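# Fold and geometry: a report
In case you want the letters, here they are:
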Amino acid sequence: MKHFHILLTSLVIVATISARGQQRLIQIPAGSWKLSLMVGADLRLYQLGCGSVSEQVFLPEKTPAREREWLPAYGNGYVAEPAVQVTHADGNTSLDLCYVRHHREELPDEVSLTKIEMKDTHYAFYADIYVKAYRRMNLMEIWTVYRNAEPGGAVTLNRFASASPLIDGRSYWLTQFNGHYKHEATMEEERLGRGVKQIGSTLGVRSHYYVMPAVMVSCGGPASEDSGEVYGLALSWSGNFLFAFDHNWSGALRIIGGINPLGGQYRLDRDSSLVTPTLVWCRSSEGTGTLSRNLHRWADRYVVRDPDRDRPVLLNNWEATHCDFDEQRLTKLFDGARQVRAELFLLDDGWFGNDSCARNDDRHGLGDWQVNRNKLPHGLGYLANEAHKRGLGLGIWLEPEMVNPASQLFQAHPNWVIRQPFREPILGRHQEILDLTRPEVYAFERQIFADVLGRNPGIGYVKWDCNRFVTQPGSSYLPADRQSHLLTDYTFRLYSLMADMVRRYPKVMAMLCAGGGGRADYGSMRYFHSLWPSDNTDPIDRIKIQWGFGHFFPAKTLSAHVTRMGKRHLKLAIDVAMSGAFGIDLAIDQATQLERSRLAHAVDVYKRQVRPLVMHGDLYRLLSPYTHDVAALSYVAPDRRRAVVYLYQTGDLAPGRVCLKGLDPDAQYVVRELDTACTDTIHLADCHASGCELMSAGVSVRLKEKYDSAILEIIQL
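Per chain, the residues get numbers from 1 upward, laid out in the order the sequence is written. Per-residue local features of the predicted model are confined to residues with pLDDT of at least 70, and side-chain atom pairs are confined, for both listing and counting, to 80 or more; whole-chain, interface and lining totals are unaffected and use all residues. As a convention, hydrogens and water are excluded, and side-chain values are obtained from all of the structure's heavy atoms.

### Description of the overall build of the protein
Applicable threshold: Numbered from the N terminus, helices here are DSSP runs of H or I no shorter than four residues, and strands are runs of E no shorter than two. The quantity called the radius of gyration is restricted to C-alpha atoms. Its globule counterpart is 2.2 Å times the number of residues to the power 0.38. Throughout, exposure labels follow a simple rule: accessible area from a 1.4 Å probe, protein chains only, divided by the maximum for the residue type, with under 20% read as buried, over 50% as exposed, and the rest as partly exposed. Should any heavy atoms of two residues lie within 4.5 Å, those residues are considered in contact. Values of accessible area rely on a 1.4 Å probe in the Shrake-Rupley scheme; residue burial ignores everything except the protein chains shown. For the charge count, each Lys or Arg is scored as positive and each Asp or Glu as negative, with His and the chain ends excluded. Where a charge sits is defined by one atom per residue type, namely NZ (Lys), CZ (Arg), CG (Asp) or CD (Glu).
Of regular secondary structure, the protein possesses 11 helices and 39 strands. Rg of the C-alpha trace for the protein: 27 Å, near the compact-globule value of 27 Å for 717 residues, within the 12% margin. Referenced to the eigenvectors of the C-alpha coordinate spread, the extents of the protein come out at roughly 80 × 70 × 45 Å. A burial count over the protein gives 63% of its 717 residues as buried. Restricting the contact set of the protein to residue pairs at least 6 apart, pairs at least 24 apart contribute 68%. Counting only carbon and sulfur atoms, one obtains 49% of the accessible surface of the protein, whose full area is about 26,100 Å². Counting 80 positive and 81 negative side-chain charges, the protein places the centres of these two groups 2 Å from one another.

Spelled out as structure tokens, the structure:
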């Protein structure tokens with residue numbers, strides 16, 4: 001987990017207004033753009049705009065209309081969609097937030113932190129707004145801390161958004177990343193009409209099953225890759241979330257983002273506070289390509305764990321064995337992993353539980369994290385040693401938050417699960433969710449990592465899974481007046497558990513899985529090296545899935561495996577997987593010698609020539625699978641001396657030439673095809689051209705037919 005350190009000596013701005021009639025301009029630059037706020041004569045905080053950093057902004061002669069408020073509150077004159085709504089201890093349902101003071105601190109790495117303190121005009125209720133601006137990435141993080149100091153008692157937060165910025169344009173186009181199981185991150189774009197549109201989740205756990213907590217909004221027309229004003233917004237939160245888009249009568253678009261308040265009202269006792277998740281807000285005046293690269297650079301530097309550490313090429317046994325394996329079968333797979341030059345073997349589900357609760361299927365054993373004595377009589381330490389003998393690391397699958405009713409844990413502690421009383425239990429994938437707000441459950445889950453990782457130091461990788469969501473949000477631990485806290489507090493406790501894993505086992509790498517991309521967000525990614533985008537590994541479907549996720553997440557975080565799903569040609573499966581954190585998930589011991597030879601060659605090419613660009617290159621999307629019969633993307637080294645280009649023919653028509661991006665126009669490059677050992681067809685003869693020629697005239701690639709593919713290497717001479 002990454003932390004920023006506030007330097008107390010770096011205070012550069014302090015301001016306070018104690019009487020009405022004064023106005024103040026607050027400008028927060030974030031690289032090429034800035035946020036302009038204004039304290040009005042009525043002491044309310046208004047947003048004047050967000051635009052180019054060179055644009056001059058002046059205080060208006062008149063106080064802006066109420067729909068320009070920065071954090072609009074319900075109940076005292078604001079009649080549009082509010083960002084915050086409270087009920088005071090005395091029952092008053094109105095809130096009137098006014099400016100108290102603000103200060104700005106300059107942090108290292110061209111980062112600033114602005115805190116704006118707001119207070120109700122009558123009650124001792126506060127909203128502290130934080131804006132952290134990253135000038136090198138054209139990006140801001142915004143969050144709010146709600147504080148109750150009212151002497152009368154608890155205040156109920158009915159709505160408590162993280163932020164609610166305004167965008168001004170002629171028209172607005174929203175791109176959301178929808179999907180469901182095996183169709184994650186499907187991009188859908190629409191023009192926003194007048195009124196309010198909402199997208200969000202109330203699933204509680206694995207909340208991103210149907211939609212990601214990230215959107216893009218373009219102004220003046222549909223989003224374009226290389227031109228136009230476009231904003232990216234993402235909530236760093238793994239629980240219930242809500243985005244509201246209010247295209248109001250003034251023509252502005254308000255975007256309210258935060259924890260979904262449905263069933264989640266939060267009571268603040270006196271002298272207590274709630275810190276909301278951060279809303280990431282990035283702007284580009286040069287289209288979605290620049291937007292994604294800025295988001296990737298920010299995530300790489302400030303979010304993702306160990307950004308400079310190579311993601312290992314791994315072999316997973318799930319597609320080969322499911323839960324049906326023993327030591328002999330696993331060691332055969334170890335031998336196969338060594339033959340294809342993988343770096344790590346990931347032991348998936350099915351290694352735990354005993355007797356009547358043995359994990360031989362998905363109905364048994366979750367919660368009983370003891371090694372299965374029949375399958376693995378010599379234990380995990382033996383497996384780790386056998387893997388190490390073959391030059392492999394060993395990883396392991398865990399689903400610590402879940403329990404099967406057919407488990408010793410559930411039989412001993414049936415009250416540990418999330419469930420509503422007096423209702424028939426509703427299972428998901430034959431399992432229930434452990435209530436992390438209960439201290440005993442938190443301690444139990446923490447001990448899982450001690451038992452598995454602490455006692456088996458040979459394990460260097462964890463796949464953390466989560467395979468159902470909440471359908472009956474009830475806790476037998478929380479008191480009656482705190483039941484609505486369950487899903488919010490669960491997520492806070494989940495982050496605490498993840499942080500504890502990182503703190504105790506900093507060298508253990510971790511992949512985040514949630515039945516696919518059910519936890520694809522910047523909040524959880526602070527504790528993981530990669531995420532599993534989808535259980536759908538058909539390379540044709542994965543092209544779009546990874547294309548969607550790639551708008552917000554760096555390539556190094558997107559685990560992509562070669563499998564037999566879809567029964568595609570091995571060459572296509574390899575080429576698609578090589579555009580992310582490369583891995584293999586098939587019965588390698590049953591693969592032909594030719595298949596193993598081609599996989600070994602691909603692994604060598606990936607390690608030597610591709611992985612450095614996947615890890616550190618800038619993404620340039622060339623041809624979209626949504627609009628072309630060939631999908632094309634590239635990663636370009638920061639110094640522009642090397643690049644790798646991926647081409648996938650998904651339809652019947654292939655373009656004659658593909659124009660590249662991001663190269664040095666004055667440099668000379670050699671272009672050649674990679675991984676030709678996996679195919680009998682050569683798609684490109686080696687050629688030389690300038691960066692200008694490659695970007696304007698393009699490169700000619702002879703893709704032959706539907707499902708053909710090629711990877712090109714571009715090297716500066």
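### Quick look at the sheet that holds strand E23 (residues 344–347)
Convention followed: Any two strands between which DSSP finds at least two bridges are classified as paired. The axes used here are C-alpha line fits, helices contributing only the stretch in contact, and every angle between their N-to-C directions lies in the interval 0 to 180 degrees.
Reading across from one edge, E29-E28-E27-E24-E23-E22-E31-E30 is the order of the 8 strands in this open sheet, with parallel pairing throughout. Strand pairing shows two members of the sheet lacking a second neighbour, strand E29 (530–531) and strand E30 (559–562), which therefore form its edges. Here 3 bridges tie strand E22 (residues 314–316) to E23, and the two strands are oriented parallel to one another. Bridging across to E23, Leu-315 finds its partner in Phe-345. Running at roughly 150° to E23, helix H3 (residues 327–339) makes contact with E22, E23 and strand E24 (393–398) of the sheet.

### A word on the sheet that holds strand E14 (residues 195–201)
Here 4 strands make up an open sheet; going across it, the order is E11-E18-E17-E14 and the pairing antiparallel. Edge positions in the sheet fall to strand E11 (166–168) and E14, since each of these pairs with one other strand and no more. Within this sheet the neighbouring strands show an average axis-to-axis angle of 15°, counted without direction.

### Thoughts on unusual backbone geometry
One non-glycine residue with positive phi stands out, namely Glu-110, at about 60°. Along the chain, Glu-110 turns up in the loop between strand E6 (97–107) and strand E7 (111–120). A residue is classified by how much of its surface remains accessible, and Glu-110, at 42% relative accessible area, is partly exposed. If you check the backbone angles, Asp-306 has positive phi at about 45° while not being a glycine. Tracing the backbone through its elements, the reader meets Asp-306 in the loop between helix H1 (287–302) and E22.

### Describing the environment of Met-137
Mapped onto the secondary structure, Met-137 falls in the loop between strand E8 (125–134) and strand E9 (139–148). The contact partners of Met-137, leaving out residues within four places of it in the chain, are Cys-282, Asn-294, Arg-297, Trp-298, Arg-301 and Tyr-302.

### Re the pattern of salt bridges
Defined as follows: For this document, the term salt bridge refers to a Lys or Arg side-chain nitrogen within 4 Å of an Asp or Glu carboxyl oxygen.
For the coordinates displayed, the defined rule picks out 46 salt bridges. The residue Arg-519 makes a salt bridge to Glu-401 at a minimum N-O spacing of 2.6 Å. One end of the pair, Arg-519, is in the loop between strand E28 (509–512) and E29; the other, Glu-401, is in the loop between E24 and strand E25 (402–403), and 118 residues separate them in sequence. For Glu-401, a relative accessible area of 0% puts it in the buried group. The residue Arg-455 makes a salt bridge to Asp-451 at a minimum N-O spacing of 3.5 Å.

### Brief notes about the pairing of strand E12 (residues 172–178)
Buried residues dominate E12, accounting for 6 of its 7 residues. By the bridge criterion, 6 bridges tie E12 to strand E15 (residues 211–219) in an arrangement that is antiparallel. When the bridges of E15 are listed, Gln-176 appears paired with Val-215. As paired strands, E12 and strand E13 (residues 186–191) are joined by 6 bridges and run antiparallel to one another. If you follow Leu-174 over to E13, its bridge partner there is Glu-190.

### Things to note about the packing of aromatic side chains
What characterises a pair of aromatic rings is the spacing of the ring centres plus the angle enclosed by the ring planes. The condition that has to hold: For Phe, Tyr and Trp, where Trp contributes only its six-membered ring, two rings pair if their centres lie within 6.5 Å, and the inter-plane angle classes them as stacked under 30 degrees, edge-to-face over 60, or tilted in between. Geometrically, a charge over a ring is one whose NZ (Lys) or CZ (Arg) sits within 6 Å of the ring centre while staying within 35 degrees of the ring normal.
For the structure on display, the rule yields 31 aromatic pairs. Relative to Trp-369, the ring of Phe-352 has its centre 4.3 Å away and its plane inclined at 40°; by these criteria the two rings are tilted. A residue pair is termed long-range when its members are at least 10 positions apart, and Phe-352 in the loop between E23 and helix H4 (379–389) and Trp-369 in the loop between E23 and H4 qualify at 17 residues. Accessibility expressed as a relative area gives 0% for Phe-352, which makes it buried. Through pairs of rings, three or more aromatic residues link up here, namely Tyr-134, Trp-298, Tyr-302, Tyr-522, Phe-549 and Phe-553. Geometry around Phe-325 places Lys-375 over its ring, the cationic atom sitting 5.0 Å from the centre. Between Arg-542 and the ring centre of Trp-532, over which it is positioned, the NZ or CZ distance is 4.7 Å.

### Thoughts on H4
Since the α-helix turns once every 3.6 residues, residues separated by three or four places project in the same direction. If you check which residues of H4 are buried, you get Gly-379, Leu-380, Leu-383, Ala-384, Glu-386 and Ala-387. Against the buried residues of H4 lie H3, E23, E24, helix H6 (439–454) and strand E27 (459–464). The positive-phi residue at the C-terminal boundary of H4 is Gly-391, with phi of around 75°.

### Here's the deal with the pairing of E28
The side chains of a regular strand alternate between the sheet's two faces. Using the following cut-off: With the strands pointing away from the viewer, any crossover whose connection runs clockwise from the first strand over the helix to the second is right-handed.
With burial as the criterion, each face of E28 is covered, one bearing Met-509 and Met-511 and the other bearing Ala-510 and Leu-512. By the bridge criterion, 4 bridges tie E27 to E28 in an arrangement that is parallel. By the bridge assignment, Trp-464 is partnered in E28 with Leu-512. Taken together, E27, helix H7 (residues 486–504) and E28 constitute a β-α-β crossover, and its handedness is right-handed. Of the strand pairs in this sheet, E28 and E29 are connected by 2 bridges, and their pairing is parallel. Each residue of the ladder has a partner; that of Met-511, found in E29, is Ser-530.

### Topic: helix H8 (residues 539–549)
So the rule is basically this: N or O atoms within 3.5 Å of each other form a polar contact, as long as, within protein, one can give a hydrogen and the other can take it, and as long as residues adjacent in sequence are counted only when both atoms are side-chain atoms.
Within H8, 9 of the 11 residues are buried, which leaves it mostly tucked inside the rest of the structure. Every buried residue of H8 is listed here: Pro-539, Ile-540, Arg-542, Ile-543, Ile-545, Gln-546, Trp-547, Gly-548 and Phe-549. Of the residues flanking the start of H8, the one acting as N-cap is Asp-538, its side-chain oxygen 3.0 Å from the backbone nitrogen of Ile-540.

### Side note on the state of the cysteines
We apply this condition: The disulfide criterion used throughout: a pair of cysteine sulfur atoms within 2.5 Å.
On inspection of all chains with the given rule, the structure shows 0 disulfides. The structure places no disulfide on Cys-513, whose sulfur is separated from the nearest cysteine sulfur, that of Cys-466, by 9.0 Å.

### Some remarks on the packing of H8 against helix H9 (residues 570–577)
Here is the rule: An angle counts as roughly parallel when it lies under 35 degrees, as roughly antiparallel when it exceeds 145, as roughly perpendicular when it falls between 65 and 115, and as oblique in every other case. Throughout, a crossing is termed right-handed when the near helix is turned clockwise from the far one, and left-handed when it is turned anticlockwise from it by less than a right angle. Any residue outside Ala, Val, Leu, Ile, Met, Phe, Trp, Tyr, Cys, Pro, Asp, Glu, Lys and Arg is labelled polar, Gly included; the first ten of those are nonpolar and the last four are charged.
At a minimum axis separation of 9 Å, H8 and H9 run at an interaxial angle of 15°. Considered as vectors, H8 and H9 are oriented roughly parallel to each other. Judged by the twist between their axes, the crossing of H8 over H9 is left-handed. Where H8 approaches H9, its residues Pro-539, Ile-540, Arg-542, Ile-543 and Gln-546 are matched on the opposing element by Leu-572, Ala-573 and Val-576. Along the lines of polarity and charge, the residues of the contact of H8 with H9 split into 6 nonpolar, 1 polar and 1 charged.

### Observations concerning the confidence of the model for the protein
We apply this condition: Predictor confidence is given residue by residue as pLDDT, running from a minimum of 0 to a maximum of 100.
On average, residues of the protein score 95 in pLDDT, and 97% of them reach the 70 mark or higher. In this model, residues 1–19 is a region of pLDDT below 50 whose contacts with residues beyond four sequence positions or in other chains number 49 contacts.

### A word on the side chain of Arg-438
Note on placement: Arg-438 falls in the loop between strand E26 (432–433) and H6. Of the residues examined, Arg-438 reaches a relative accessible area of 7% and is grouped as buried. Only 2.8 Å separates the side chain of Arg-438 from the side chain of Ser-476, close enough to count as a polar contact. Ignoring any residue separated from it by four or fewer positions in sequence, one finds Arg-438 in contact with Asn-415, Trp-416, Ser-476 and Tyr-477.

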